[in-house]
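Structural overview
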Amino acid sequence: MIITIKEIARLANVSTGTVDRIIHKRGQVAQENIDKVNAIIKEHDYKRNVFASNLAFNKRFVFAVFLPKYDTIEYWRAQVQGIEKAEEEYRNFGVILEYHLYDFDSISFKEKAKEVLKSTYDGILFTPTFHKESIDFLNKCELKNVPIVMVDSNIETKVQHTYIGQDAFKSGVLAGKLISLVVKEEHQVLIVKITREIEATSVYLQRIAGFYSFFENNNNLNHFKFKEVTIKDSGEELLTIDMFATIQSVFVPNSRAYLVANFLEKNNIIGIRIIGYDLLDLNKEYLKKGMIEFLINQKPEIQGFTAIASLYKQLVLQEFVLETQYMPLEIIVKENLQM
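In this report, we go over the structure that sits alongside the text.

Reading guide: rules and limits
- Residues numbered from 1 in each chain as written.
- Predicted model: local features only at pLDDT ≥ 70, side-chain atom pairs only at ≥ 80, totals over all residues.
- Heavy atoms only, no water.
- Core = buried A, V, L, I, M, F, W, Y, C linked by side-chain atoms within 4.5 Å.
- Buried < 20%, exposed > 50% of the residue type's maximum accessible area, 1.4 Å probe, protein only.
- Helix = DSSP H or I, 4+ residues; strand = E, 2+ residues; numbered from the N terminus.
- Contact = heavy atoms within 4.5 Å.
- Pairing = 2+ DSSP bridges.
- Axes fitted to C-alpha atoms, helices over the stretch in contact; angles between N-to-C directions.
- Phe/Tyr/Trp six-rings, centres within 6.5 Å; stacked < 30°, edge-to-face > 60°.
- Lys NZ or Arg CZ within 6 Å of the ring centre and 35° of its normal.
- Expected span 1.5 Å × (residues − 1).
- Polar contact = N/O pair within 3.5 Å; in protein donor to acceptor, adjacent residues only side chain to side chain.

1. Comments concerning the nonpolar core
Taken as a class, soluble globular proteins show a tendency for nonpolar side chains to be buried jointly. Judged by nonpolar contacts, the single largest core of 55 residues is most densely connected at Leu 67, Val 192, Phe 244, Val 250, Val 260 and Leu 264. The element that contributes the greatest number of residues to this core is helix H10 (residues 257-266), accounting for seven residues. In this structure Leu 67 touches Trp 76, Val 80, Ile 83, His 100, Leu 101, Tyr 102, Leu 125, Phe 126, Thr 127 and Val 151, once residues within four positions along its chain are discounted. Of all hydrophobic cores here, the second largest spans 21 residues; its members include Phe 109, Phe 126, Ile 148 and Tyr 163.

2. Points about the sheet that holds strand S1 (residues 61-68)
The strand order S2-S1-S3-S4-S5-S11 describes an open sheet built from six strands, whose pairing is parallel. The open sheet terminates on both sides in strands that have one partner only, identified here as strand S2 (95-102) and strand S11 (324-326). Neighbour-to-neighbour, the strand axes of this sheet turn through a mean angle of 15°, independent of strand direction. Across four bridges, the pairing between S1 and strand S3 (residues 123-126) is parallel. Looking across to S3, one finds that Val 65 is bridged to Leu 125. Most of the contacts of helix H5 (residues 74-90) go to S2, to which it runs at about 160°, and overall it touches S1, S2, S3 and strand S4 (148-151).

3. Here's the deal with the packing of aromatic side chains
Aromatic ring pairs are reported here in terms of the distance separating the ring centres and the angle at which the planes meet. Applying the stated criterion across every chain, the model contains 22 aromatic pairs. Note on Tyr 90 and Tyr 312: the rings are 4.0 Å apart at their centroids and 15° apart in plane angle, and the pair reads as stacked. Of this pair, Tyr 90 sits in helix H5 while Tyr 312 sits in helix H12 (residues 300-315), placing them 222 residues apart in sequence. For Tyr 312, a relative accessible area of 5% puts it in the buried group. Note on Phe 215 and Phe 224: the rings are 5.0 Å apart at their centroids and 45° apart in plane angle, and the pair reads as tilted. Across this residue pair, the class does not change: Phe 215 and Phe 224 are buried. Taken together through their ring pairs, the aromatic side chains of Phe 211, Tyr 212, Phe 214, Phe 215, Phe 224, Phe 226, Phe 251 and Tyr 277 make up a single cluster. Sitting over the ring of Tyr 277, Arg 207 keeps its end group 3.9 Å from the ring centre.

4. Here's the deal with helix H8 (residues 168-180)
Between its terminal C-alpha atoms H8 stretches 19 Å, which fits the 18 Å expected from 13 residues at 1.5 Å a residue. Within the span of H8, buried status applies to Ala 168, Ser 171, Gly 172, Leu 174, Ala 175, Gly 176, Leu 178, Ile 179 and Ser 180. Two or three places before Phe 169, at the opening of H8, Asp 167 has a side-chain oxygen 3.2 Å from that residue's backbone nitrogen. At the exit of H8 stands Val 182, carrying a positive phi of roughly 55°.

5. What about unusual backbone geometry?
Positive phi is not limited to glycine here, since Asn 145 has a value of about 55°. Within the element layout of this structure, Asn 145 appears in the loop between helix H7 (131-142) and S4. For Asn 145, a relative accessible area of 68% gives the class exposed. A positive phi angle, near 50°, is found at Lys 299, a position not held by glycine. Relative to the helices and strands, Lys 299 resides in the loop between strand S10 (294-297) and H12.

Right, here's the structure in full:
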């Protein structure tokens, strides 16, 4: 049987007004009555109707969305698509989103961070693109005492928050395992680090660390040899044929595997397996062609949706949410690719 406030009041021998004040923690109530009412609530597993309560007071919940600009970045466009789907679903329950989108540089990040901190929000969604600046931002957010949800990348901090994304270290381990499959002879692996300033972040470095750890923890794989090369973002012209002269596999620890695949295709270099991340359109095209062998998908759209859903559960439903919600490590090959 679902117990009502009226029934709780009868059992506790108090007024319904007293029960209401205890449930909503407002007004002065004798401790004896608080104890009686809470005991009855616990015994009967009473859950107040937060929807009716919020609608009655016309309550609104405003969330800040603090992310990189997505107009030319396919990965972040997918994140925002998921966020917008969640916004549409929860709009009728008082959820409102305000966007603070920055260019891919630390100056723009800090400017938008100031905007977020100057405003009043019930919750904040962001990604820690720049480590030092993100720590500073989180420390200032702590004073506001609002729920914070991170997507894509997580950082260690004393500031309480929820993280939604992949386990970056384990995804690197998985990449190593995929490259090691069915390889018995000496094998040369090239790690192509295609970077811009923002990618000196934990997710990027953790993938590489996880990749190396797989081989370090498997002594029977000592026939693998590794080389690294770093090029600037979209700097395909910095790739050379000599880089791939003795290479059998390439690991790209971000979403730009298509740059390597395009270079190999243009120069008619075959027989090299490539593993990278994310279902960008160009990555999918080269996966379909067989130029890329594996993609580890991060499900960015689901990350974005889940992040808003997490804030919704915490603030609107007042429910407990897990501090860490890992996305599955989804392996995509051309045979299971859905175009």
